[in-house]
Every structure is written in structure tokens, then in C-alpha cells.
Amino acid sequence: MKSWCVFKQLADSKLIVSSSMWIFLVPVIAKLLDLTGDFFLLPESVVIFPFTLYFLYFSAIAFFLGYLVYVVFCPSFVKKLDGYNDFLDSGFKIHKINESISNVESNKAELLKRNIKCKIDPASSDAIDNEKVFTLTIGREPLNFTFEKESMDVVFWLVYDHHLGSNWFAQAVCWFFFGLGYLMLSIIFFTNFYYVVKNILL
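It should be emphasised that the depicted structure is a prediction, and the values quoted were computed from it without experimental measurement.

The rules behind each value
Residues numbered from 1 in each chain as written. Predicted model: local features only at pLDDT ≥ 70, side-chain atom pairs only at ≥ 80, totals over all residues. Heavy atoms only, no water. Helix = DSSP H or I, 4+ residues; strand = E, 2+ residues; numbered from the N terminus. Buried < 20%, exposed > 50% of the residue type's maximum accessible area, 1.4 Å probe, protein only. Contact = heavy atoms within 4.5 Å. Areas by Shrake-Rupley, 256 points an atom, 1.4 Å probe, with all protein chains shown as cover. Disulfide = S-S within 2.5 Å. Pairing = 2+ DSSP bridges. Phe/Tyr/Trp six-rings, centres within 6.5 Å; stacked < 30°, edge-to-face > 60°. Lys NZ or Arg CZ within 6 Å of the ring centre and 35° of its normal. Salt bridge = Lys/Arg side-chain N within 4 Å of Asp/Glu carboxyl O. Expected span 1.5 Å × (residues − 1). Arc of directions from axis to C-beta. Lys, Arg positive; Asp, Glu negative; His and termini not counted. pLDDT = per-residue confidence, 0-100.

## Here we look at the overall build of the chain
Then comes step 1: The secondary structure content of the chain amounts to 11 helices and 2 strands.
Then comes step 2: For the chain, the N- to C-terminal ordering of α and β elements is α-α-α-α-α-α-α-α-α-β-β-α-α.
Then comes step 3: Relative to its full complement of 202 residues, the chain shows a buried share of 35%.
Then comes step 4: For the chain, the proportion of contacts with a sequence separation of at least 24, taken over those separated by at least 6, is 74%.
Then comes step 5: Summing over all exposed atoms, the chain offers an accessible surface of approximately 12,400 Å²; the carbon and sulfur share of this is 62%.

## Details of the state of the cysteines
Think of a disulfide as a covalent bridge from one cysteine sulfur atom to another cysteine sulfur atom.
Then comes step 1: This model, assessed by the stated rule, comprises 0 disulfides.
Then comes step 2: A disulfide-free cysteine, C5 has its sulfur positioned 7.9 Å from the sulfur of C74, the nearest such atom.
Then comes step 3: Relative accessible area serves as the criterion here: at 29%, C5 is assigned to the partly exposed category.

## Observations regarding the pairing of strand β2 (residues 143–148)
Then comes step 1: Every second residue of β2 is oriented toward a common face, the buried set being L143, F145 and F147 and the non-buried set N144, T146 and E148.
Then comes step 2: Hairpin connection between strand β1 (residues 133–138) and β2: a loop of 4 residues separates the two successive antiparallel strands, and G139 in this loop has a positive phi of roughly 90 degrees.

## Concerning the packing of aromatic side chains
Then comes step 1: Enumeration according to the criterion identifies 21 aromatic pairs in this entry.
Then comes step 2: Seen from their ring centres, Y67 and Y70 are 6.4 Å apart, and the 40 degrees between their planes marks the pair as tilted. Here Y67 pairs with Y70, and both are found in helix α4 (residues 48–73), just 3 residues apart, close to one helical turn.
Then comes step 3: Taken together, a centroid distance of 6.1 Å and an interplanar angle of 50 degrees make the contact between F87 and F92 tilted.
Then comes step 4: For F87, a relative accessible area of 1% puts it in the buried group.
Then comes step 5: Residue classification places F92 among the partly exposed positions, given a relative accessible area of 23%.
Then comes step 6: The ring of F92 has K96 lying over it, and the distance from NZ or CZ to the ring centre is 5.0 Å.

## A few points about the pattern of salt bridges
Then comes step 1: Inspection of the entire model under this criterion finds 2 salt bridges.
Then comes step 2: A salt bridge links K8 to D82, with the shortest nitrogen-to-oxygen separation between them at 2.5 Å. Linking K8 in helix α1 (residues 4–12) with D82 in the loop between α5 (76–80) and α6 (84–89), this pair joins segments that are 74 residues apart in sequence.

## A word on helix α8 (residues 106–119)
Working note: α-helix, 3.6 residues per turn, so residues spaced by three or four point in the same direction.
Then comes step 1: With 14 residues, α8 extends 20 Å from end C-alpha to end C-alpha; this agrees with the ideal 20 Å at 1.5 Å per step.
Then comes step 2: Turning to α8, its buried residues number three or more, namely A109, L112, K113 and I116. Angular distribution of buried residues about the axis of α8 spans 100 degrees; they occupy a single face of the element.
Then comes step 3: Contacts from the buried residues of α8 go to β1, β2 and α10 (152–164).

## What to know about the pairing of β1
Then comes step 1: Summarising the sheet, β1 and β2 pair through 6 bridges and their orientation is antiparallel. Note on β2: the bridge partner recorded for F134 is F147.

## Looking at the environment of N85
Then comes step 1: Inspection of the secondary structure assignment puts N85 in helix α6.
Then comes step 2: Sequence-wise, N85 and D153 are 68 residues apart; in three dimensions their C-alpha atoms are separated by 9.1 Å.

## What about the side chain of K113?
Then comes step 1: Tracing the backbone shows K113 in helix α8.
Then comes step 2: E110 provides the closest opposite charge to the buried, salt-bridge-free K113, at an N-O distance of 6.3 Å.
Then comes step 3: Setting aside residues up to four positions removed in sequence, K113 forms contacts with I138, L143, N144 and F145.

## Section: the confidence of the model for the chain
Then comes step 1: This prediction gives the chain a mean pLDDT of 84; 86% of its residues lie at or above 70.
Then comes step 2: Mean pLDDT across the secondary structure elements of the chain bottoms out at helix α3 (residues 22–33), with 69, and peaks at α10, with 94.

Shown next, in the form of C-alpha cells:
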């Protein structure tokens with residue numbers, strides 16, 4: 001599961017940002033309207049509004065929880081960067097990549113190093129002598145891999161891909177909350193559409 005980029009786009013979307021205000025607005029509106037009892041027993045002409053209000057409130061809660069999980073568990077390397085060009089424009093160097101993978105567990109560090117070695121060759125002796133190399137340091141029990149500077153983009157994307165696949169359980173929780181939020185918005189849309197067709201068009 002590599003969905004952090006999806007959640008990043010959702011977290012930055014106007015829909016998610018604007019929905020958070022309903023967490024505070026709905027209780028105020030409900031108090032003003034004095035919504036008491038079973039709202040399904042209200043006159044048919046107004047049943048749609050309380051129904052929408054409740055679902056809007058809980059969808060906002062779901063979106064907020066999904067956003068909270070994203071903020072807490074998404075790797076900062078992914079949150080701060082959109083790609084390699086963004087990495088270069090931000091002025092980051094190899095130490096930023098090393099910093100992002102410094103706490104990787106030993107088994108995952110071994111896997112990441114193998115993946116990198118499958119894609120690029122270790123630095124040649126000439127490149128080392130001419131100081132045209134970077135050294136990648138992976139994991140809590142550091143595993144070093146020295147590569148030539150021209151392969152920096154490949155290393156970046158392999159590390160970025162590693163971060164996209166991290167914290168799979170948190171990603172699953174994000175899918176649940178964001179999916180639940182969109183499901184409730186869909187219920188609002190189709191319910192309102194049904195009542196419009198039933199009471200106005202028919």
C-alpha cells in the first residue's frame with residue numbers, strides 16, 4: 001500500500017479544509033434551529049435539512065480524523081517534497097535523505113539497500129578518487145552504500161518509494177476515514193437529489 005501521495009493531495013484539497021469548519025458550525029446551527037426529537041418526523045418539506053446537517057457533521061469528523069492520521073504518521077520526507085525537482089529546489093542534499101532513513105529497522109534497511117543495489121552500481125574507484133560520490137547511510141544499525149552523484153535521482157526515488165510504503169496500517173486507517181467521509185457526502189448528495197426530484201420535478 002503506497003497511498004501517502006493520495007492522502008497528501010486530499011489533505012491539501014479545499015474540500016477537506018472547508019469541511020473542518022462544519023465540526024464547529026453544525027452544533028451552532030443545530031442549537032439555533034433547536035433540532036429535537038426524531039427529525040424524520042418533521043414535515044416532509046424540511047426533513048432533508050436536518051438529515052443533511054447530521055451527515056455533514058459526521059463526514060467532517062471523518063475527514064478531520066483522516067487528516068489527523070495523515071499529519072501524525074505520514075513521513076515528513078513525503079509531506080515536504082513532491083518529487084526530485086522539489087528536492088533540488090529546496091536545496092536539500094544527501095544528508096536530508098540519510099536523515100529520513102536513519103531510523104529504519106534493520107530488516108527494512110537491508111531490503112532498501114538491496115533494492116538500490118539492483119538499480120544502480122556502487123561507485124567506481126575513479127569516482128571515489130575524484131570525490132564524485134555520495135554515501136547513503138540506512139537504518140539504526142547503519143548500512144552504507146556509496147554511489148556516483150549522477151545516480152542521485154534514482155536513489156531519491158527509491159527512498160521516496162520506500163517512504164510511500166511505510167506505516168501501512170496508518171494508511172489503511174486513512175483510507176477508512178476519508179472513504180467514510182466521502183460516503184456520507186455521497187449519501188447527502190443522492191438523498192437531496194431524490195427529494196428534489198420527488199417534491200419539485202415530479
